[in-house]
Amino acid sequence: MRMLVKGAGVAGLTAAFELAVRGATVTVAETRHALGGNASWFAGGMLAPWCECESAEQPVLDLGRDAADWWDAVLPGQVTRAGTLVVAAPRDAGELDRFASRTSGHRRVDEDEIALLEPDLVGRFRRGLLFPDEAHLDPRQAMAALHDKLAAMGVEFRFGADARHISGFDRQIDCTGMAAEDDGLRGVRGEMLILRTPDISLSRPVRLLHPRFPLYVVPRTDHRFMVGATMIESQSTEPVTARSMMELLSAACALHPAFGEAEIVEAGVGVRPAFLDNLPRIETSGNTVAINGLYRHGFLLAPAMARQAAELFFNQDRTKELAHETDGQRRGA
């Protein structure tokens, strides 16, 4: 079966993998001239289904609980399984209790245990929540590694290509996000910073709860930290605003003052595709299946959605085979 995957974000790359391991001949078409630059490129890379249920529905947990295992199996060494730490300033203790009441899979930690988990946060927070089964990865490293693995498996990549002008395929999977022609989608703008400082070390993503601008800080290599992210109902891809920059930096400094002296390595914007219910969908139209609406859960939900889309195609073909066999048996009788 010859398959065309439209889009080389996390949805497209995971779909290409699930198709290729099932024996399909896969081509990935991407309008950009290289990997990156899409919403996936500016993701936090947190594989945190239990934390996300603070504001997400149960399907996010159901679909995402095996994401770390998928990434670990496909790209060994890319996943860090150190959990997620959620903290709040003493004046915002109510936010921590609210977060705990809306989530599961956590245990409460006190000041001493926070210091053991993250020594550089010693004395800064009295209470927190540890989600021990969560994980994280570096989205850019993971995308590059998955691209290389797919290429080694024989998947063809066509960068700078308009998939509308590509033909000769049996099936298509549309993973183009906001570029898809779907009136039900809306854009949710996320702004992020990458800071660099050797003066602080973190072993896991840390979420700082605040009534106005909660944030997360995700450690990367080379003393870098991804700080994000705003959620603005907008499809604008204009640069990060001054207000967002100040709020992100202020919140980062509230987590640890050393961030006040950090280098701002990068400021980026990604527009995440979302449906009204903020849940992903797989939709079919003829020989095309569309995966969309991953919202802020791209790396978390893409593996499960890719598996479902691939199974949909292959189960369709198996159903047709069985139908042909049944017709043949009827004629033989």
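Residues numbered from 1 in each chain as written. Predicted model: local features only at pLDDT ≥ 70, side-chain atom pairs only at ≥ 80, totals over all residues. Heavy atoms only, no water.

**Quick look at the overall build of the protein**
On a plain count of helices and strands, the protein comes out with nine helices and 17 strands. The C-alpha atoms of the protein give a radius of gyration of 21 Å, which matches the 20 Å a tight globule of 333 residues would have. By its C-alpha atoms, the protein is 80 × 40 × 35 Å across when sized along the principal axes. Within the protein, the proportion of its 333 residues that are buried is 52%. If you take every contact in the protein between residues at least 6 apart in sequence, the share linking residues at least 24 apart comes to 77%. As displayed, the protein has an accessible area near 15100 Å², and 48% of this comes from carbon and sulfur atoms. The distance from the centre of the 36 positive side-chain charges to the centre of the 45 negative ones in the protein is 2 Å. (Helix = DSSP H or I, 4+ residues; strand = E, 2+ residues; numbered from the N terminus. Rg over C-alpha atoms; globule rule 2.2 N^0.38 Å. Buried < 20%, exposed > 50% of the residue type's maximum accessible area, 1.4 Å probe, protein only. Contact = heavy atoms within 4.5 Å. Areas by Shrake-Rupley, 256 points an atom, 1.4 Å probe, with all protein chains shown as cover. Lys, Arg positive; Asp, Glu negative; His and termini not counted. Charge placed at Lys NZ, Arg CZ, Asp CG, Glu CD.)

**Quick notes on the pairing of strand 11 (residues 206–209)**
Burial along strand 11 is two-sided: Val206 and Leu208 and Arg207 and Leu209, pointing in opposite directions, are all buried. As paired strands, strand 4 (residues 84–88) and strand 11 are joined by four bridges and run parallel to one another. Bridging across to strand 11, Val86 finds its partner in Arg207. Looking at chain direction, strand 11 and strand 12 (residues 215–219) are connected through three bridges and run antiparallel. Pairing of Leu208 across the sheet is with Leu215, part of strand 12. Where strand 11 hands over to strand 12, the hairpin turn is made up of five residues, counted between the paired strands. (Pairing = 2+ DSSP bridges.)

**Some details on the sheet that holds strand 8 (residues 156–159)**
Sheet architecture is open: six strands sit in the order 8-2-1-9-17-16, paired in mixed fashion. With partners counted over all chains shown, the strands left at the sheet margins are strand 8 and strand 16 (281–285), one partner each. Strand-to-strand twist in this sheet, taken as the mean axis angle between neighbours without regard to direction, amounts to 20 degrees. (Axes fitted to C-alpha atoms, helices over the stretch in contact; angles between N-to-C directions.)

**Some words on the packing of helix 1 (residues 10–20) against helix 7 (residues 139–152)**
The contact between helix 1 and helix 7 brings their axes to 10 Å, and the two run at 30 degrees. One finds that helix 1 runs roughly parallel with respect to helix 7. When the axes of helix 1 and helix 7 are compared, the crossing they make is left-handed. Contacts between helix 1 and helix 7 involve Val10, Leu13, Thr14, Ala16 and Phe17 on the former and, on the latter, Met143, Leu146, Lys149 and Leu150. Across the contact of helix 1 with helix 7, the residue classes tally to seven nonpolar, one polar and one charged. (Parallel < 35°, antiparallel > 145°, perpendicular 65-115°, else oblique. Left-handed = near helix turned anticlockwise from the far one by under 90°. Nonpolar A, V, L, I, M, F, W, Y, C, P; charged D, E, K, R; others polar.)

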